[in-house]
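# Summary of structural features
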Amino acid sequence: MIAVEIFMIRKSFTRNSSETIRQEAEDLINKKHYEGYRLVNVDFDVADNAGYIYAFITMKRPNTY
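Structural notes, computed from the coordinates. (Residues numbered from 1 in each chain as written. Predicted model: local features only at pLDDT ≥ 70, side-chain atom pairs only at ≥ 80, totals over all residues. Heavy atoms only, no water.)

## Notes on the overall build of the protein chain
Helices and strands together make up the secondary structure of the protein chain, namely 1 helix and 3 strands. Along the chain direction, N to C, the helices and strands of the protein chain fall in the order β-α-β-β. The principal-axis extents of the C-alpha atoms in the protein chain amount to approximately 40 × 20 × 15 Å. Burial analysis of the protein chain (65 residues in total) assigns 28% to the buried set. Looking at the protein chain alone, contacts between residues at least 24 apart form 59% of all its contacts between residues at least 6 apart. Taken as a whole, the protein chain presents about 4,800 Å² of accessible surface, with 50% of it coming from carbon and sulfur. Taken as two groups, the 9 positive and 9 negative side-chain charges of the protein chain have centres that lie 5 Å from each other. (Helix = DSSP H or I, 4+ residues; strand = E, 2+ residues; numbered from the N terminus. Buried < 20%, exposed > 50% of the residue type's maximum accessible area, 1.4 Å probe, protein only. Contact = heavy atoms within 4.5 Å. Areas by Shrake-Rupley, 256 points an atom, 1.4 Å probe, with all protein chains shown as cover. Lys, Arg positive; Asp, Glu negative; His and termini not counted. Charge placed at Lys NZ, Arg CZ, Asp CG, Glu CD.)

Set out below in structure tokens:
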């Protein structure tokens, strides 16, 4: 069984994309937390040449050690 799961959110880089992706990441973290997941790490990254902003969310699955 896999103990850790990584979720990725990708948005096109626009005027309000940083706030939008932050809100989406927060909503995903809250949703998964209520399902029993525990947060390990959140990382945001901007791919300048591709025009995207990414959120990588690492969470520990429920009932794993």
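## Points about the nonpolar core
Judged by nonpolar contacts, Phe7, Ile9, Ile21, Ala25, Leu28, Ile29, Tyr37, Ile53, Ala55, Ile57 and Met59 together constitute the single largest core of 11 residues. Mapped onto this core, the elements with two or more residues apiece are β1 (4–12), α1 (17–34) and β3 (52–60). (Core = buried A, V, L, I, M, F, W, Y, C linked by side-chain atoms within 4.5 Å.)

## Regarding the side chain of Thr58
For Thr58, the location among the structural elements is in strand β3. Excluding residues within four positions of it along the chain, Thr58 makes contact with Val4, Glu5, Ile6, Arg38, Leu39, Val40 and Asn41.

## A short note on the sheet that holds β3
Strands belonging to one sheet form pairs held by backbone hydrogen bonds; the direction of such a pair is parallel or antiparallel. The strand order β1-β3-β2 describes an open sheet built from 3 strands, whose pairing is antiparallel. The open sheet has two edge strands with one neighbour each: β1 and β2 (38–47). Neighbour to neighbour, the strand axes of the sheet diverge by 15 degrees on average, direction disregarded. In the sheet, β2 pairs with β3 via 9 bridges, with the strands oriented antiparallel. (Pairing = 2+ DSSP bridges. Axes fitted to C-alpha atoms, helices over the stretch in contact; angles between N-to-C directions.)

Everything listed here is a matter of geometry and, on its own, says nothing about what the molecule does.
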